[in-house]
Amino acid sequence: MVGDTLGRTISEKILGAHSGTDAKAGDIVVAEIDYAMGQDGTTPLSIKAFQKMKGERLKNPDRISLVIDHSAPSPNEGVSALHKMMREFSEKTGCNLYDIGEGVCHQLMPERGHVVPGDLVVGADSHTTTYGALNAFSTGIGSTDLAAVMLTGKLWFRVPHTTKIAYKGKMQKGVYSKDLMLHTIGLTTADGCTYDAMEFTGAAVRSMSIDARMTMANMAVEAGAKAGIFECDEKTLKYVAERSKRAPKPTSSDPDALFNKTIKIDSSKVPPMIAKPHSVDNVEPVDKLLDVNINQAFIGTCTNGRVEDLKIAARILKDKQVKKGVRLIVAPASKGIYLEAMRLGVLQTLVKAGAAVVTPGCGCCVGTHNGVPSDDENVISTANRNFKGRMGNSKAFIYLASPATVAASALKGKIADPREATQ
Amino acid sequence: MKLTGKVHKFGDSINTDYIISGKYKFKTLDMDELAKHVMEDLDPSFYSKIAPGDFIVAGRNFGLGSSREQAPLVIKHAKISVVIAVSFARIFFRNAINTGLPLVVCRDAGKIDAGDKLEVDISAGVIRDITKNIELKAEPLPPVMIKILQDGGLAEHITKHGGFEL
């Protein structure tokens, strides 16, 4: 058969290795899960489903983390009851719990060493694709799927085809991985990679930090993808060696692997990009939107709340003041990042410039608390979604951009080109 | 199994934040209560218009966005029997089947209008638009999903077989 002579993609190799099969795109496999995660918006339903399955013990309690990040600290008694349910479940079953203030689940999984290259990871949150930055196959699932993983240690998958995205060239000054990813989603559209894995390659991504790669892998789901995977290199190995005792299993696609399609992007031609309301693929270069007024600017989230992001914002805001009337909200993505940003003086710079720093977590991005905009207001945010109502008010307008663009816009009170602010 | 009801029509890219907003979904596990807010940001009176057994018919990429299982659950608890769309986002697709909400993929869903009366035969993959007197073909669900749906959902599947039996 012709199919047998073809090489295999990263996704086929990882899902094959975890199911003991010679997995090919399109196959259905039942695979062993290396690590699983749930957050406070999804885990309570998983606990209910686990009980419905008559579950008592977790198959692998040491491979599960529950994270309280979506409404943290709790804004009301309803949420408090759900948080309590998670704490009691963790206590009873012996799985790990990250309580309020520890950070956003997608920062904690890589940062605390739960993921290494070659892993198969699932999370009850759509942005679980983030760990593809570490050469893992990681994907978002629902609460009942997570309950099945808790009980059996396994899950069924359809092995995805792969769309390869090759980025040649070097990004311009003032352009970041967020801009590259917004540009990419503009090309693919929001469902252009549905059921596919995206594989990111090329000179531009090889020169990126792990933080910058996480931004892109995080947003793979905004193109509909099941995973967004990078190759493993020295940066990946260094990142995981500092955090995990487990052996990495670097995995790469064979030269003759069969890709669904290949998209080639010249990174040097990509300007700072903005996703306009109300969809992530509604993108435009920043210089087309310079007259848009801003009421609130938000720097944080699993997309862009890392040390590198806060440093970029601080460089632009140093010894300056946010425009009067603009609210700048900053949420470091984890406690570790919070501490590091304090140590570096980055938080002092941001607060002096006018930023309100909130507890590491998801609140502002997902509309639970910590910065719900008012009617008819414009928000510029480093998050990954700008759906109507996303931040808690369906009459507000959300623009997505890089931390540099958000910081520059906070200074001007209008959408601003970060290439000018950094000069 | 043949189901009949009338159509509530939505467009392309109906995301999970529209289906159930984040401002409600994190507060409670009471799905009957959450169901009252289904599609609220698109149509504040939508819930009150639903008769038990009605259908949602939509365009491309229905259910994109969050992995929240509350999305298919509130649709089910709002007494919608089936969602018919041109295409579905991946996680929503899994979640719906896992929680026992039947989905029908139909390329020609655009031919159906709001208020039309339908007869849907899920196992045969046939949609009959009684109002228009036309018959549309649905794409078959993957066999693994039919198995889970037939067991009543993933929790029931796992309980019945003591694990995955796909």
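Residues numbered from 1 in each chain as written. Chains lettered and ligands numbered in written order. Predicted model: local features only at pLDDT ≥ 70, side-chain atom pairs only at ≥ 80, totals over all residues.

## Topic: the overall build of chain A
Okay, step 1: The secondary structure content of chain A amounts to 17 helices and 18 strands.
Okay, step 2: Taking the principal axes of the C-alpha coordinates as reference, chain A spans close to 60 × 50 × 40 Å.
Okay, step 3: Each of the 423 residues in chain A was classed as buried or not, and the buried ones make up 62%.
Okay, step 4: Partitioning the contacts of chain A with sequence separation of at least 6, the portion at a separation of at least 24 is 77%. (Helix = DSSP H or I, 4+ residues; strand = E, 2+ residues; numbered from the N terminus. Buried ≥ 20, exposed ≤ 12 C-beta atoms within 10 Å, placed from the backbone. Contact = placed C-beta atoms within 7 Å.)

## Overview of the overall build of chain B
Okay, step 1: Counting secondary structure elements, chain B contains eight helices and seven strands.
Okay, step 2: What you see for chain B is a C-alpha radius of gyration of 15 Å, in line with the 15 Å of a compact globule of 166 residues.
Okay, step 3: Taking the principal axes of the C-alpha coordinates as reference, chain B spans close to 45 × 35 × 25 Å.
Okay, step 4: Burial status across chain B gives 51% buried among its 166 residues. (Rg over C-alpha atoms; globule rule 2.2 N^0.38 Å.)

## Some details on the domain arrangement of chain A
All names here are of chain A.
Okay, step 1: One can read the domain layout of chain A as domain 1 (29-158), domain 2 (162-269) and domain 3 (276-421).
Okay, step 2: Each of domain 1 and domain 3 has a C-alpha centre, and these two points are 27 Å apart.
Okay, step 3: Taken residue by residue, the interface counts 17 residues in domain 1 and 18 residues in domain 3.
Okay, step 4: Across the side of domain 1 that touches domain 3, the residue classes break down as six nonpolar, eight polar and three charged. (Domains from an automatic or database assignment. Nonpolar A, V, L, I, M, F, W, Y, C, P; charged D, E, K, R; others polar.)

## Focus: the packing of helix α3 (residues 43-52) of chain A against helix α4 (residues 77-93) of chain A
Residues and elements named next belong to chain A.
Okay, step 1: Following both chains from N to C, one finds α3 and α4 inclined at 55°, their axes separated by 9 Å at the closest point. With respect to each other, α3 and α4 are oriented oblique. Between α3 and α4 lies a crossing of left-handed hand. Every residue of α4 that contacts α3 at Thr-43, Pro-44 and Ile-47 is listed here: Leu-82, Met-85, Met-86 and Phe-89.
Okay, step 2: When grouped by side-chain class, the residues that make up the contact of α3 with α4 number six nonpolar, one polar and no charged. (Axes fitted to C-alpha atoms, helices over the stretch in contact; angles between N-to-C directions. Parallel < 35°, antiparallel > 145°, perpendicular 65-115°, else oblique. Left-handed = near helix turned anticlockwise from the far one by under 90°.)

## Observations concerning the interface of chain B and chain A
Accessible area lost when the parts come together is the quantity often used to give the size of an interface.
Okay, step 1: With 36 residues of chain B in contact, the opposing surface of chain A contributes 49 residues.
Okay, step 2: Taken together, the elements giving at least two residues each to the side of chain B that touches chain A come down to α2 (22-25), α6 (90-98) and α8 (154-161) of chain B.
Okay, step 3: Considering each element in turn, the side of chain B that touches chain A owes the most residues, five residues, to α6(B).
Okay, step 4: For the side of chain B that touches chain A, the class distribution of residues is eleven nonpolar, 15 polar and ten charged.

## Some points on the nonpolar core
Where a protein is soluble and globular, its nonpolar side chains tend to be buried together.
Okay, step 1: Core analysis: the biggest nonpolar cluster contains 189 residues, and A:Leu350, A:Ala407, B:Val74, B:Val83 and B:Ile84 have the highest contact counts within it.
Okay, step 2: The element contributing the most residues to this core is helix α12 (residues 307-317) of chain A, with seven residues.
Okay, step 3: Apart from residues no more than four positions distant in its own chain, B:Ile84 is found in contact with B:Phe55, B:Val57, B:Val104, B:Cys106, B:Ala109 and B:Ile127. (Core = buried A, V, L, I, M, F, W, Y, C linked by C-beta atoms within 7 Å.)

## Comments concerning the sheet that holds strand β2 (residues 55-58) of chain B
All names here are of chain B.
Okay, step 1: The strand order β4-β3-β2-β1-β5-β6-β7 describes an open sheet built from seven strands, whose pairing is mixed. Among the strands making up the open sheet, the edge pair consists of β4 (103-105) and β7 (134-137). Neighbour-to-neighbour, the strand axes of the sheet open up by a mean angle of 30°, direction not taken into account.
Okay, step 2: In terms of strand pairing, strand β5 (residues 117-121) meets strand β6 (residues 126-129) through four bridges, oriented antiparallel. Bridging from a neighbouring strand, Asp-121 pairs with Val-126 of β6. (Pairing = 2+ DSSP bridges.)

## Re the pairing of strand β10 (residues 227-230) of chain A
Residue and element names in this part refer to chain A.
Okay, step 1: Of the two faces of β10, both are covered, the one formed by Ala-227 and Ile-229 as well as the one formed by Gly-228 and Phe-230.
Okay, step 2: Sheet analysis places strand β9 (residues 197-201) next to β10, joined by four bridges and oriented parallel. Bridging from a neighbouring strand, Met-198 pairs with Gly-228 of β10.

## What to know about the sheet that holds β9(A)
Residues and elements named next belong to chain A.
Okay, step 1: The strand order across the open sheet formed by four strands is β10-β9-β8-β11, and the pairing between neighbours is parallel. Where the open sheet ends on each side, the last strands, each with one partner, are β10 and β11 (261-266). Taking each pair of neighbouring strands and ignoring which way they run, the sheet shows an average axis angle of 20°.
Okay, step 2: Of the strand pairs in this sheet, strand β8 (residues 162-168) and β11 are connected by six bridges, and their pairing is parallel. Pairing of Lys-168 across the sheet is with Asp-266, part of β11.
Okay, step 3: Helix α2 (residues 10-19) contacts β8, β9 and β10 of the sheet and is inclined by roughly 105° relative to β10.

## Overview of the packing of α12(A) against helix α16 (residues 403-412) of chain A
All names here are of chain A.
Okay, step 1: One can describe the packing of α12 onto α16 by two numbers: an axis separation of 8 Å at closest approach and a directional angle of 30°. When the axes of α12 and α16 are compared, the pair comes out roughly parallel. When you trace α12 past α16, the crossing you get is right-handed. Listed contacts from α16 to Asp-309, Ile-312, Ala-313, Ile-316 and Leu-317 of α12 are Pro-403, Ala-404, Ala-407, Ala-408 and Leu-411.
Okay, step 2: For the contact of α12 with α16, a count of residues per class yields nine nonpolar, no polar and one charged.

## Brief notes about α12(A)
Okay, step 1: Burial analysis of α12(A) places eight of its eleven residues in the buried class, which makes it a mostly covered element.
Okay, step 2: Among all positions in α12(A), only A:Val307, A:Asp309, A:Leu310, A:Ile312, A:Ala313, A:Ala314, A:Ile316 and A:Leu317 are buried.

## Looking at helix α7 (residues 143-151) of chain B
Residues and elements named next belong to chain B.
Okay, step 1: Where α7 is concerned, the buried positions are Met-145, Ile-148 and Leu-149. Looking straight down α7, one finds its buried side chains confined to an arc of 100°; they lie on one side. Turned more than 90 degrees off the buried face of α7, the exposed positions are Pro-143 and Gln-150.
Okay, step 2: Each element contacted by the buried residues of α7 is listed here: α6 and α8.
Okay, step 3: The first or second residue beyond α7 is Gly-152, which carries a positive phi of 100°. (Arc of directions from axis to C-beta.)

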